[in-house]
Amino acid sequence: MDEPNWAKVIEYLYQDPETVKHRMAEIEGHGLVEETELSEDEVEKSLQFLERQELVSRKPTNKTVPDEAESVEEVAESMGWEIKLTEEGFQVAHEREIAKREDDRNVAIVLLTFLLAGTSAVRTMEPIIGEDSLTLFAILVFSVFLGVIWKTDFTW
């Protein structure tokens, strides 16, 4: 299942304390766009959504035009935004991170359980089917194991 765009943005802001504050005149070319693989418009809409939910605060970094600015680009650079997670936003991002880790752990447990069950089935069938057919049975159990993994679309 794909994550909503706002979740990708909040995860990016949560990942590294050094990147919690972003200064940018434009979203274009910023790490927020590149790392989340979202378009500028999608990032902007996600930030607006997160602001409305009070999970992100966004403030202008400079409200005055610097005297030494010689071009529109220099003015735009000085008029960037500071974006950071609020306490509630940090809590939401933290809870999502914990849930992802738990999901990964659960997937690992399921895979190990299937492996143990398959091994047990092969060992149990050895006296019944004999050594000649044991390899074929092991391949069958392993194939079923791989089919289950493929059909359930496990993501790591």
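Draft legend 1. Structural view of the overall build of the protein. When helices and strands are counted, the protein shows five helices and three strands. Along its sequence from the N terminus, the protein presents helices and strands in the succession α-β-α-α-β-α-β-α. The burial tally for the protein puts 24% of its 156 residues in the buried class. Counting only contacts in the protein whose residues sit at least 6 apart along the sequence, the fraction spanning at least 24 positions is 58%. For the protein, the computed accessible surface area is about 11200 Å², with 54% contributed by carbon and sulfur atoms.

Draft legend 2. Broad picture of the confidence of the model for the protein. Per-residue confidence for the protein averages 75 on the pLDDT scale, and 72% of its residues sit at or above 70. Considering each helix and strand of the protein separately, the mean pLDDT is smallest for strand S1 (residues 22-24), with a value of 49, and largest for helix H1 (residues 5-15), with 89.

Draft legend 3. Looking closely at helix H3 (residues 40-52). Helix length check: H3 (13 residues) gives 18 Å between terminal C-alpha atoms against 18 Å at 1.5 Å per residue, within 8%. Within the sequence span of H3, burial applies to Val43, Ser46, Leu47 and Leu50. Each buried residue of H3 sits inside an arc of 100° when the element is viewed along its axis, so together they form one side. Exposed residues lying more than 90 degrees from the buried face of H3 are Lys45 and Arg52.

Draft legend 4. Layout of the pattern of salt bridges. Applying the stated criterion across every chain, the model contains five salt bridges. Between lysine 45 and aspartate 41 there is a salt bridge; the shortest N-O distance is 3.3 Å. Residue lysine 45 and its partner aspartate 41 are both found in helix H3; the two are separated by four residues, about one turn of the helix. Here the residues in one salt-bridge network are Glu3, Glu11, Arg96 and Lys100, joined through shared partners.

Draft legend 5. Region of the structure containing unusual backbone geometry. Of note, glutamate 37 is a non-glycine position whose phi angle comes to about 60°, a positive value. Counting through the fold element by element, glutamate 37 comes out in the loop between helix H2 (31-36) and H3. In this structure, glutamate 54 takes a positive phi of about 60° despite not being glycine. With respect to the helices and strands, the residue glutamate 54 is situated in the loop between H3 and strand S2 (56-60).

Draft legend 6. How the structure looks around the environment of isoleucine 129. Relative to the helices and strands, isoleucine 129 resides in helix H5 (residues 87-152). Given the relative accessible area of 28%, isoleucine 129 is considered partly exposed. Each residue touching isoleucine 129, except ones within four places of it in the same chain, is listed here: Leu134 and Phe137.

Draft legend 7. Just the nonpolar core, in detail. By size, the foremost hydrophobic cluster in this structure holds 16 residues, and its most contacted members are Val9, Leu13, Leu47, Val56 and Leu85. For this core, the secondary structure elements donating two or more residues are H1, H2, H3 and strand S3 (81-85). The element that contributes the greatest number of residues to this core is H1, accounting for five residues.

Draft legend 8. Spatial organisation of the side chain of serine 46. Among the secondary structure elements, serine 46 is positioned in helix H3. Discounting chain neighbours no more than four positions away, the residues touching serine 46 are Asn5, Trp6 and Val9.

Analysis parameters
Residues numbered from 1 in each chain as written. Predicted model: local features only at pLDDT ≥ 70, side-chain atom pairs only at ≥ 80, totals over all residues. Heavy atoms only, no water. Helix = DSSP H or I, 4+ residues; strand = E, 2+ residues; numbered from the N terminus. Buried < 20%, exposed > 50% of the residue type's maximum accessible area, 1.4 Å probe, protein only. Contact = heavy atoms within 4.5 Å. Areas by Shrake-Rupley, 256 points an atom, 1.4 Å probe, with all protein chains shown as cover. pLDDT = per-residue confidence, 0-100. Expected span 1.5 Å × (residues − 1). Arc of directions from axis to C-beta. Salt bridge = Lys/Arg side-chain N within 4 Å of Asp/Glu carboxyl O. Core = buried A, V, L, I, M, F, W, Y, C linked by side-chain atoms within 4.5 Å.

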